Amino acid sequence: NAGVTQTPKFQVLKTGQSMTLQCAQDMNHEYMSWYRQDPGMGLRLIHYSVGAGITDQGEVPNGYNVSRSTTEDFPLRLLSAAPSQTSVYFCASRLTGAGWADTQYFGPGTRLTVL
Amino acid sequence: GQQLNQSPQSMFIQEGEDVSMNCTSSSIFNTWLWYKQEPGEGPVLLIALYKAGELTSNGRLTAQFGITRKDSFLNISASIPSDVGIYFCAGHPTGNTGKLIFGQGTTLQVKP
């Protein structure tokens, strides 16, 4: 049981480049989400999914796309990277239903720098 | 959008001291969570609270869900050096199926 895994751990991009941040979980969790964390701020929700084939926007979705073709995977795509997207990105997953909060786990993060 | 105000922003305390931090919101939350984050890691859940007035402990940590449903606090008793890290509150708003709102974090440093 690996929990929530994220790749890559570090990434440097040039402005305008695109890339995909990978997230996978092996706990059969229905709910998955992506957050970004900037200095002095808490985590802000980018996109989330309550199950395969279903995605929705969070607080800061602009410039990011997601898809959920399987329960296990929830990739985050940067369409055209901008310096404002320099951040640490965390993926999380959890069950839904009663007691859901006790099942939420975060991945180790991807540190992205856009030059 | 909805916001959580977490205070204090940072704390520098002596080993053995008790610590208290809190979060407030202008709107009602269904669930409150407290996380700890260490450098280079993702947040790790400490305590989850599901009902107004609920008081829950996890070792030296105690958290409460405010009866107004707009606030929560976390206490750490007899702090030790490994308590160092950033503590985040997070809330799940009413009427919303997916979104979790995070506070800005409290950075805790413990002097041995």
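Notes on the structure in this doc start here. (Residues numbered from 1 in each chain as written. Chains lettered and ligands numbered in written order. Predicted model: local features only at pLDDT ≥ 70, side-chain atom pairs only at ≥ 80, totals over all residues. Heavy atoms only, no water.)

### Thoughts on the interface of chain A and chain B
- Between chain A and chain B, the residue contacts involve 23 residues of the former and 21 residues of the latter.
- With both sides pooled, the region where chain A packs onto chain B buries about 1700 Å², and carbon together with sulfur makes up 55% of that total.
- When the area that chain A buries against chain B is broken down by residue, the three leading residues are Leu43(A), Trp100(A) and Phe106(A), summing to 26%.
- Connecting chain A to chain B are zero salt bridges.
- Our count for the contact surface shared by chain A and chain B stands at six residue pairs in polar contact (both at pLDDT 80 or more).
- Elements represented by at least two residues in the side of chain A that touches chain B include exactly strand 4 (31-37), strand 5 (43-51) and strand 9 (87-94) of chain A. (Contact = heavy atoms within 4.5 Å. Buried area = accessible area lost by both parts, 1.4 Å probe. Salt bridge = Lys/Arg side-chain N within 4 Å of Asp/Glu carboxyl O. Polar contact = N/O pair within 3.5 Å; in protein donor to acceptor, adjacent residues only side chain to side chain. Helix = DSSP H or I, 4+ residues; strand = E, 2+ residues; numbered from the N terminus.)

### Some thoughts on the state of the cysteines
- Throughout the structure, instances matching the rule amount to two disulfides over all chains.
- Paired through a disulfide, Cys23(A) and Cys91(A) show a sulfur-sulfur distance of 1.8 Å. Looking down the S-S bond of the Cys23(A) and Cys91(A) bridge, the torsion is -70°, so its handedness is left-handed. Here the residue Cys23(A) occupies a position in strand 3 (residues 19-25), and Cys91(A) occupies one in strand 9, the gap between them amounting to 68 residues.
- The partner cysteine of Cys23(B) in its disulfide is Cys89(B), sulfur to sulfur 1.6 Å. A torsion of -75° about the S-S bond marks the disulfide between Cys23(B) and Cys89(B) as left-handed. Of this pair, Cys23(B) sits in strand 3 (residues 19-25) while Cys89(B) is found in strand 9 (residues 85-93), placing the two residues 66 residues apart along the sequence.
- Judged by its relative accessible area of 0%, Cys89(B) falls in the buried class. (Disulfide = S-S within 2.5 Å. Buried < 20%, exposed > 50% of the residue type's maximum accessible area, 1.4 Å probe, protein only.)

### Some words on the nonpolar core
- Trp34(B), Leu74(B) and Leu108(B) are the most contacted members of the largest nonpolar core, which has 22 residues in total.
- By size, the runner-up hydrophobic cluster in this structure holds 19 residues, among which are Met27(A), Leu78(A), Ala81(A) and Tyr89(A). (Core = buried A, V, L, I, M, F, W, Y, C linked by side-chain atoms within 4.5 Å.)

### Things to note about the side chain of Thr31(B)
- Mapped onto the elements, Thr31(B) comes out in strand 4 (residues 29-37).
- You can call Thr31(B) buried: its relative accessible area is 4%.
- What Thr31(B) contacts, discounting residues up to four positions off in sequence, is Trp100(A), Ala101(A), Leu49(B), Tyr50(B), Phe65(B), Ala90(B), Gly91(B) and His92(B).

### Quick look at the sheet that holds strand 6 (residues 55-58) of chain B
Residues and elements named next belong to chain B.
- Strand order across the open sheet formed by five strands is 1-3-8-7-6, with antiparallel pairing between neighbours. Two strands bound the open sheet, and with one partner strand each, they are strand 1 (4-7) and strand 6. In this sheet, adjacent strand axes meet at a mean angle of 15° when their direction is disregarded.
- Relative to strand 8 (residues 71-76), strand 7 (residues 61-65) runs antiparallel, the two sharing five bridges. The partner of Ala63 across the bridge, within strand 8, is Leu74. (Pairing = 2+ DSSP bridges. Axes fitted to C-alpha atoms, helices over the stretch in contact; angles between N-to-C directions.)

### Examining the packing of aromatic side chains
- Per the counting criterion, the structure on display carries nine aromatic pairs over all chains.
- Grouping aromatic residues by their ring pairs yields a cluster made of Tyr35(A), Phe106(A), Tyr35(B), Phe88(B) and Phe102(B).
- Sitting over the ring of Phe74(A), Arg68(A) keeps its end group 6.0 Å from the ring centre.
- Here the guanidinium or amino end of Arg94(A) rests over the ring plane of Tyr31(A), the centre of that ring lying 3.8 Å away. (Phe/Tyr/Trp six-rings, centres within 6.5 Å; stacked < 30°, edge-to-face > 60°. Lys NZ or Arg CZ within 6 Å of the ring centre and 35° of its normal.)

### A closer look at the pairing of strand 11 (residues 106-111) of chain B
Residue and element names in this part refer to chain B.
- With burial as the criterion, only one face of strand 11 is covered, namely that bearing Thr106, Leu108 and Val110; the residues Thr107, Gln109 and Lys111 on the opposite face remain uncovered.
- Sheet topology note: the strand 9/strand 11 ladder contains three bridges and is antiparallel. By the bridge assignment for strand 11, Gly85 is matched with Leu108.

### With respect to the sheet that holds strand 7 (residues 64-66) of chain A
All names here are of chain A.
- The antiparallel open sheet is built from four strands, whose spatial order is 1-3-8-7. Edge positions in the open sheet fall to strand 1 (4-7) and strand 7, since each of these has one partner strand only. Across the sheet, the mean angle from the axis of one strand to that of its neighbour is 20°, orientation sign disregarded.
- As judged from the four bridges shared by strand 1 and strand 3, these two strands associate in the antiparallel manner. Bridge pairing links Thr7 to Gln22 in strand 3.

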